[in-house]
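Residue strings, one per chain:
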Amino acid sequence: MGVLASAGLLAAGTLTTAGPAHAADPEFTIGGPAETALHPYLATGSPQKASLDLTVTNPSEDEENGAYQHEYTVRFDFSGLAGVADVAFGEDGSLDCERTGTTAVCHDYGVWPGLSTLAELEVTAAKGSEDGDSGTIAVTAEGEGATFRPFTARVSIGGPDLSMKPLRLKTELKPGDTQPVPITFTNNGTRAAQGVLLTLRNTRGLELTERYQNCEYSEDDGGMGSPGAWTVALCTFPGSYEPGATYTLEVPPVLRATEHAFYDTFLYRINEDGSDARTAQRAGARLSPGKGAKLTLRRTPSLRSADLDPSDNQQETDFRTTNTADFAAYGDRAAGKPGDTVDVTLGFRNKGPAWVGYIRSGEAVATVDFTVPRGSYVVSKPDGCRGVTASGEYRENQEKAPRYFCSTPMSVREDADFALPFRLNIGTAEAGATGAVVVRDTHLQAPPLSFDPETGNNKASVVLNAEDGHTTTGGSGSGGSTATGGGSTGGSTGATTGSGTGSGGSSSSSGTGGTTGSGSSSGSGGSGGALASTGTVALAATGAAFAALLAGGVLFTVSRRRRAVR
């Protein structure tokens, strides 16, 4: 603090000589489902169990230093369930618990950043309970130097059980194919659902031909690494939907395979309407209303509580559309003196017409294979690239690797520009030293891309000190490369504009699905620049996130250091 600023604070009487401030005690939140519904007690046979998973949230975003590393105590009060439900701890739980009557005292160690499993409970309707009964479980916790916000879970007997019927849809398609989706569901529960919420989700290659006035719409990447990978419609239907009754859409929406279709998925889900269901399905997205006709339901001839069996609320169908995508590689040129560092941008553009998304597996779509020009070496690279040996084998030391493999995320849009900013030291490279850029399959032993018939443009070059003297790029669109004598000032812009030029007339879209990673940090073996919307994605996490999406229609991030939420 400057002298004048200090004097001002003294004059105002606001400068104190107190000791160093201490950070506030961390606050953790216990959570779980607001309500769990149970099938009524059966006179014969075993009662049907329901899982009640309790969680604890550590709000810290510091993965390395944000953990609470102390023992803490968790207390469960089951007295509110007397005569309503029986509860037991699941076999997979890690809590060390001692149970006495209607209470249990448990001990555990450590709360890691993010959302973690606290306890897994199994609950069943108690003998003598009746439809409509309800009770609560109170959960509290305490630990040295920390505050735990308590949680109360509600358990009820009976309720609606909305079950979505699977559709028999044509799954082998051509661009332009259309088909109706006559969505139908049944309430298999014991009570009526007060209003229903229909969720429709389709990947980028599919579209519903009309947007309805009682639906809200949004687009998101769904963890797939491409903006607009998913379109979501949330449609509300007020009224009472009776137990034992089946309902269907009066006029089925029409699903169309667009010119970008390739591997695609359509999900359809039904929930009782309410703020919890809407919040879960929105998942933080900003939605806009439709302006078309009103989507309506009608009751068909057929043989506000939590759903008795949420596992059958959702169905999904996968589609394969006959289509292709043209991945065109590009390289760069740079010039400088021996020892200079230069920036180059390499990669590929998807010229369409198809987008490619490996939705189920979560695997990368392609690999950019970069062989470094002889005599030069990499100073910094994108985070999603790893150094390998010249023959493509594993290499522990990432400094000055002769070759780099860079993986895409699990989806690549039809207008994507997958730009990779590298910083090279020219070293002893001779004039015209050339490195290879190849966009290929992720399996080195089978390099051709199965969906790309234009194999002639899958290769490009990075050239240093070209003999013709030109230093402009070889098609990367980065506006040229600049030598920085011996140092590493500035960074590769890496700014690109995705343009779709394949059949179907994809229009240019600045930054849509493309990489805009700006700047590269120096340092041998360091990582500079970033793969943005089509760049670095932790594929294992993406696959798990998508599995969570399919299982429950909700996409969220979970800390998995020790115990991931199941």
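Residues numbered from 1 in each chain as written. Predicted model: local features only at pLDDT ≥ 70, side-chain atom pairs only at ≥ 80, totals over all residues. Heavy atoms only, no water.

Q: Explain the overall build of the protein to me, using residue names and the numbers behind them.
A: Within the protein, the regular secondary structure consists of three helices and 39 strands. When the accessible surface of the protein is split by element, carbon and sulfur atoms take 50% of a total near 25500 Å². (Helix = DSSP H or I, 4+ residues; strand = E, 2+ residues; numbered from the N terminus. Areas by Shrake-Rupley, 256 points an atom, 1.4 Å probe, with all protein chains shown as cover.)

Q: How would you sum up the sheet that holds strand 15 (residues 184–187)? Please name residues and give values.
A: Overall, antiparallel pairing links the four strands, which are arranged 12-15-20-24 in an open sheet. Single-partner strands in this sheet number two, and they are strand 12 (162–164) and strand 24 (297–300). Adjacent strand axes in the sheet meet at a mean angle of 30 degrees, parallel and antiparallel pairs treated alike. (Pairing = 2+ DSSP bridges. Axes fitted to C-alpha atoms, helices over the stretch in contact; angles between N-to-C directions.)

Q: Describe the packing of aromatic side chains, naming the residues involved and giving the relevant values.
A: Per the counting criterion, the structure on display carries 19 aromatic pairs. With 4.6 Å between their ring centres and 20 degrees between their planes, Phe327 and Phe348 make a pair best called stacked. Here Phe327 is found in strand 26 (residues 325–330), whereas its partner Phe348 is found in strand 28 (residues 341–353), with 21 residues between them in sequence. The same class applies to Phe327 as to Phe348, namely buried. (Phe/Tyr/Trp six-rings, centres within 6.5 Å; stacked < 30°, edge-to-face > 60°. Buried < 20%, exposed > 50% of the residue type's maximum accessible area, 1.4 Å probe, protein only.)

Q: Outline the pairing of strand 18 (residues 215–220), supporting the account with residue identities and numerical values.
A: Sheet topology places strand 18 next to strand 19 (residues 230–241); six bridges connect them, and they run antiparallel. The residue bridging Glu216 from the neighbouring strand is Leu234, located in strand 19. Bridge count between strand 18 and strand 23 (residues 288–289): two bridges; the pairing is antiparallel. Across the sheet, the residue bridging to Glu216 is Pro289, located in strand 23.

Q: Before we move on, can you summarise the sheet that holds strand 27 (residues 332–334) with the specific residues and values?
A: Spatial ordering of the open sheet is given by 27-37-36-30-33-32, a layout of six strands whose pairing is mixed. This sheet does not close on itself; its edge strands, each paired only once, are strand 27 and strand 32 (385–388). Taken pair by pair, the neighbouring strands of this sheet meet at an average axis angle of 20 degrees, ignoring direction. Sheet topology note: the strand 36 (residues 433–440)/strand 37 (residues 459–464) ladder contains six bridges and is antiparallel. Residue pairing across strands places Val437 opposite Ala460, the latter belonging to strand 37.

Q: Go over the pairing of strand 11 (residues 151–157), please, and point to the residues and values.
A: When you tally the buried positions in strand 11, you get five out of seven residues, the bulk of the element. Looking at chain direction, strand 2 (residues 35–38) and strand 11 are connected through four bridges and run parallel. Looking at strand 11, one finds that Leu38 is bridged to Ile157. Across six bridges, strand 9 (residues 134–143) lies against strand 11 in antiparallel orientation. Across the sheet, residue Ile137 finds its bridge partner in strand 11, namely Ala153.

Q: Explain the nonpolar core residue by residue, including any values.
A: By size, the foremost hydrophobic cluster in this structure holds 38 residues, and its most contacted members are Phe327, Phe422 and Phe451. Those elements that provide at least two residues to this core are strand 26, strand 28, strand 30 (367–371), strand 33 (403–407), strand 35 (417–425), strand 36 and strand 37. Residues Leu54, Ile137, Ala153 and Val155 belong to the second largest nonpolar core, which totals 34 residues. (Core = buried A, V, L, I, M, F, W, Y, C linked by side-chain atoms within 4.5 Å.)

Q: Let's hear about the pattern of salt bridges: which residues, and what values?
A: In the structure shown here, the tally under the stated rule is 16 salt bridges. Close ionic contact of Arg201 with Asp220 constitutes a salt bridge, the shortest N to O distance being 3.6 Å. With a gap of 19 residues between them, Arg201 in strand 16 (residues 193–203) and Asp220 in strand 18 connect regions that are remote in the sequence. If you follow the salt bridges from partner to partner, you end up with Lys170, Lys174 and Asp177 in one network. (Salt bridge = Lys/Arg side-chain N within 4 Å of Asp/Glu carboxyl O.)

Q: Please give an account of the environment of Phe76 that cites residues and values.
A: If you trace the backbone, Phe76 turns up in strand 4 (residues 68–77). Here Phe76 falls in the buried class, since its relative accessible area comes to 2%. Here the alpha-carbon distance between Phe76 and Thr103, two residues 27 residues apart in the chain, equals 5.5 Å. Apart from residues lying up to four places away in sequence, Phe76 is in contact with Leu54, Phe89, Leu95, Thr102, Thr103, Ala104, Cys106, Ala119, Ala138 and Val139. (Contact = heavy atoms within 4.5 Å.)

Q: Tell me what's going on with the confidence of the model for the protein, and back it up with residues and numbers.
A: In this model, the protein carries an average pLDDT of 79, and 74% of its residues clear a pLDDT of 70 or more. Scored below 50 in pLDDT, residues 1–22 shows six contacts in the model against residues more than four places distant or in partner chains. Across residues 471–566 the pLDDT falls below 50, and counting only partners more than four positions away or on other chains, this stretch makes 265 contacts in the model. (pLDDT = per-residue confidence, 0-100.)

Q: How would you sum up the environment of Gly432? Please name residues and give values.
A: Positionally, Gly432 belongs in the loop between strand 35 and strand 36. Residue classification places Gly432 among the partly exposed positions, given a relative accessible area of 25%. When the C-alpha positions of Gly432 and Ala335 are compared, they lie 9.5 Å apart, and in sequence the two are 97 residues distant. For Gly432, the contacting residues outside a window of four places in its chain are Val463, Leu464, Asn465 and Ala466.

Q: Now, about the state of the cysteines: what can you tell me, with residues and values included?
A: The final tally for this structure, using the stated rule, is three disulfides. Disulfide partner of Cys97: Cys106, at an S-S distance of 2.1 Å. Across the S-S bond of Cys97 and Cys106 the torsion is about 110 degrees, and the bridge reads as right-handed. Cys106 gets classed as buried once you look at its relative accessible area, which sits at 0%. (Disulfide = S-S within 2.5 Å.)

Q: Describe unusual backbone geometry, with residues and values.
A: Omega for the bond connecting Gly352 with Pro353 falls within 30 degrees of zero, at 0 degrees, which places this linkage in the cis form. Tracing the backbone shows Pro353 in strand 28. Its identity is not glycine, yet Asn465 carries a phi of approximately 50 degrees, on the positive side. As for its position among the elements, Asn465 is in the loop between strand 37 and strand 38 (483–484). On the basis of relative accessibility, which here comes to 18%, the residue Asn465 falls in the buried class.

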